[in-house]
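Chain and residue survey
As a plain string of letters, each chain reads:
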Amino acid sequence: MGLEDLQHNFLTGQLEELVKWARRNSVWPATFGLACCAIEMMSVGAADFDISRLGMEVFRASPRQADLMIVAGRVSQKMAPVLRQVYDQMMEPKWVISMGVCASTGGMFNNYAIVQGVDQIVPVDVYAPGCPPSPETLLHAILTLHEKIATGAITRRPPAEPLPPGRDDRWTPEVPDAVRVSTPR
Amino acid sequence: MSTDVRDDQGAGPPAGTGAATGPGAAPVPEGVAVRRVERPGLVAETSEGAQELSERERTADVELGLEVGSVLRLPEGAVVDPSDMNVERRDDETMIINMGPQHPSTHGVLRLMLELQGETVLRTKPVIGYLHTGMEKTAEELSYVQGATNVTRMDYLSPLFNELVYSLAVEALLEVELPPRAVWARMLLSELNRLSSHLMWMATNGMDLGSTSMMIYGFREREMVLAFFEKTTGLRMNHNFIRPGGIAADLPDGWEDDVTVICDTVETRTYEYDELLTGQPIFRERVEGVGTLTAEEALALSATGPLLRSTGIPWDMRRTMPYLAYDQVDFDVIVGTYGDNFDRYAIRLSEIRESIKILRQVIEKMPPGDYRTSDRKVTPPPRARIDESMEALIHHFKIFTEGFEVPEGEVYVAVESPRGELGCYLVSDGGPRPYRLHIRAPSFVNLQTLPVLLRGGLVADAVAVISSVDPVMGDVDR
Amino acid sequence: MTTTEVPKSGGTQVEEVAFPGRDRYLEVVADYRGSGFETCSDLCAVDYLRHPGRRLPEGVAPERFEVVVNLLSLSRRQRVRVRVQVPEHDPAVPTLFPLYPGVEAMEREAYDLMGISFEGHPDLTRILMPEDWEGHPLRKDYGVGRVPVQFKEAPGPR
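Let us look at the structure shown here. Worth saying up front: this structure is predicted, and the values here are computed from it rather than measured.

For the bond running from Glu92(A) to Pro93(A), omega is -10 degrees, close enough to zero to count as cis. Note that Pro93(A) resides in the loop between α3 (80-89) and β3 (95-99). A cis amide bond, omega -10 degrees, links Cys131(A) with the succeeding residue Pro132(A). Tracing the sequence through the fold places Pro132(A) in the loop between β4 (126-128) and α5 (135-151). Phi at Asn238(B) is positive, roughly 55 degrees, even though this residue is not glycine.

Here is the structure:
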């Protein structure tokens, strides 16, 4: 029982907008700073590139209280199960920003020790490129995520697509949509 | 998946079925159908096996000896009897807890396993490797020009130091002579980086102790330094600017004014930090006497940097084994007395002031001239020359594709990074890529002092002590 | 014993490198410790599989692995290096832990990444790789583990 069960109509449309407004203006990140990108993430949380104006300055240590996981830094083979565990502990709705090239694709470290892209472990909503991405880039990624939350549907989830052949049921079931949003300058 | 459905006529599990009722299974109520399902694919928790801290009865006595630092306090020739170690065996009262690897206060992905007796910490075991990037292996695949991009990401709070030690090692094998401006510019950047790293430490240390204002202040100052770095090197972090042969580009016009502004601002602000923290009774109570280290322990555990200086040993490689042009500038080496958290805090704060002193002298004494060696086999020619000279074009091509070759040999070079002795052991086989690059990471070695620092203290102080050791996990795990 | 001259900006630094055999390794390091080398800066291992023809002094038989120890004397402001040859069929050396407890983590790293065991080490387990990892990544016969990347097969330093 929840918003998803209501039929999508004129009345619930306004409710959806309210819910989406609330969700995107108070996205609380979970601390998942791993390497150099974590320092840039901390800079975004500090005074010069304040994310407190977006309602996000409370970095929750407990994943249960967080909405957003910003994977900031390179994910090593030893860290991968921990990443998945923390992601699983987060409550729906949850989003993932993959910050930096190491988290997005493995970056400059194409070797035995680094997972080549965190989207092999968790579904990612926004990728922020850079090594490290400057705080402006991360803010852009966060604003892109806000747009995605604003334009996404919450009462009418699309039916689960049949899996392509060759993929079995125990693979992560959530498929992220590719969103191309142009943020006005 | 195996299912085990019992109907309401069973009185209890038959004696042979071990799978249905394991040691953790709840007792089955009478008359209730029960289904137990196994899901083998789900990872229940991460386990690093033998790397973790295990209970006392499963730990060898010689490893238990690590906790009392027994080896450190014996006179020469004495022999340790391992069976003397296990004297506090009251297992029902000790508890092993796990901190991390995802934790807001462990400075990155450090996992700490603590054995507690009540609130007192007995044994500590740092479990590392969660950021292992295989950088030493990657370095064997990259040419010497590309090597700085790899090395700079190890200690990501002081990236220019990694590049500096790497470049110094390569130049030692190449036997090139650097122009003085390159040397002094490297010194300028190193001291600015020390400034930004210590400011970052003040910020995170304040945050770990609960002072959010200190976090904001530290980052505010740091932004000024990073803005200068962006102007000079092009990037705020991980610059790849100090390369073998000199620096990548000349300092921008007006850099003296920028650096002077930084020096003046940060210097006045250090007095604000003194007001906020140094004299404040709450802060003093929390850091004085906490995490004490003696000089013998520090030396035995190969600790360097502020950790070693806080115990009273005046070892700062900029003064004792000077590199670059540190013998031509005047600065003090800050030494502590008690080896506790407060000493390390005071040392780092004072080192900020000393770095400002050095920066002012560098501004005055910066020599003009070339910013990199003119040996075209090592540094690329200026871009304008490529259109004019065939030789310049060939050098440019060779350097950026195959790279230059370094004569066969091995060298160990060390610099004083904000965390301690950062060393580079480079083995070359005469080719364009390093044969073996090993970085002696100060944080990796300093972490060994954690069990000694935390022993006997309260678990609430653990975070403060870790913060004062200042580990950077990129350095630890490489 | 050999010395090499290493020029550095500001002066010349002379490096002293000792090449004891495995049997005399502990003795040589203990001698250095007794003569004022209070701390061990660094201990690492090198795999010379692809470079067997390196320059070694007379009387030192090259093996596949080397354990390199850099010692530091604060009182004399001097460094010395000790290089021990370790054969491939028996990659074990005595541990320096009783002399320098600070090598504990460094020896674990050499064991983890190179596969050299240190006899007498209090806790010789993997430190950087996950516990169930097979192989020793820094060895020369262990691949980098590159994943093929589209459009990036041009020859070059990588």
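By secondary structure assignment, the location of Arg126(C) is in the segment after β7 (117-119). Residues Arg126(C) and Ala45(C) lie 81 residues apart in sequence; the distance between their C-alpha atoms is 15 Å. When sequence neighbours within four positions are dropped, the list of residues in contact with Arg126(C) reads Gln51(B), Asp112(C), Glu131(C) and Trp133(C).

This next bit is on the sheet that holds β4(A). Strand pairing in a sheet relies on backbone hydrogen bonds. The paired strands run either parallel or antiparallel. All names here are of chain A. With parallel pairing, the four strands of this open sheet are ordered in space as β1-β2-β3-β4. With one partner strand each, in any of the chains shown, β1 (29-30) and β4 form the two edges of the open sheet. When strand β2 (residues 68-72) meets β3, the two strands line up parallel, connected through five bridges. When the bridges of β3 are listed, Ala 72 appears paired with Met 99. This element, α5, spans β3 and β4 of the sheet and lies at about 170 degrees to β4.

Right, let's talk about the pairing of strand β5 (residues 120-127) of chain B for a bit. All names here are of chain B. Among the eight residues that make up β5, seven are buried, leaving the element largely enclosed by the rest of the structure. As defined by bridge partners, strand β4 (residues 111-117) adjoins β5 across seven bridges and the pair is classed as antiparallel. Within β5, the position partnered with Leu 114 by the bridge is Thr 124. Hairpin remark: β4 followed by β5, antiparallel, with two residues in the connecting loop; positive phi at Gly 118, about 70 degrees.

With 41 residues of chain C in contact, the opposing surface of chain B contributes 60 residues. Of all the secondary-structure elements, those providing two or more residues to the side of chain C that touches chain B are β1 (2-8), β3 (39-47), β4 (65-73), β5 (78-86) and α2 (104-114) of chain C. Of all the elements, β3(C) adds the most residues to the side of chain C that touches chain B, at six residues. Looking at the side of chain C that touches chain B, its residues break down into 20 nonpolar, nine polar and twelve charged.

The rules we used
Residues numbered from 1 in each chain as written. Chains lettered and ligands numbered in written order. Predicted model: local features only at pLDDT ≥ 70, side-chain atom pairs only at ≥ 80, totals over all residues. Helix = DSSP H or I, 4+ residues; strand = E, 2+ residues; numbered from the N terminus. Contact = placed C-beta atoms within 7 Å. Pairing = 2+ DSSP bridges. Axes fitted to C-alpha atoms, helices over the stretch in contact; angles between N-to-C directions. Buried ≥ 20, exposed ≤ 12 C-beta atoms within 10 Å, placed from the backbone. Nonpolar A, V, L, I, M, F, W, Y, C, P; charged D, E, K, R; others polar.

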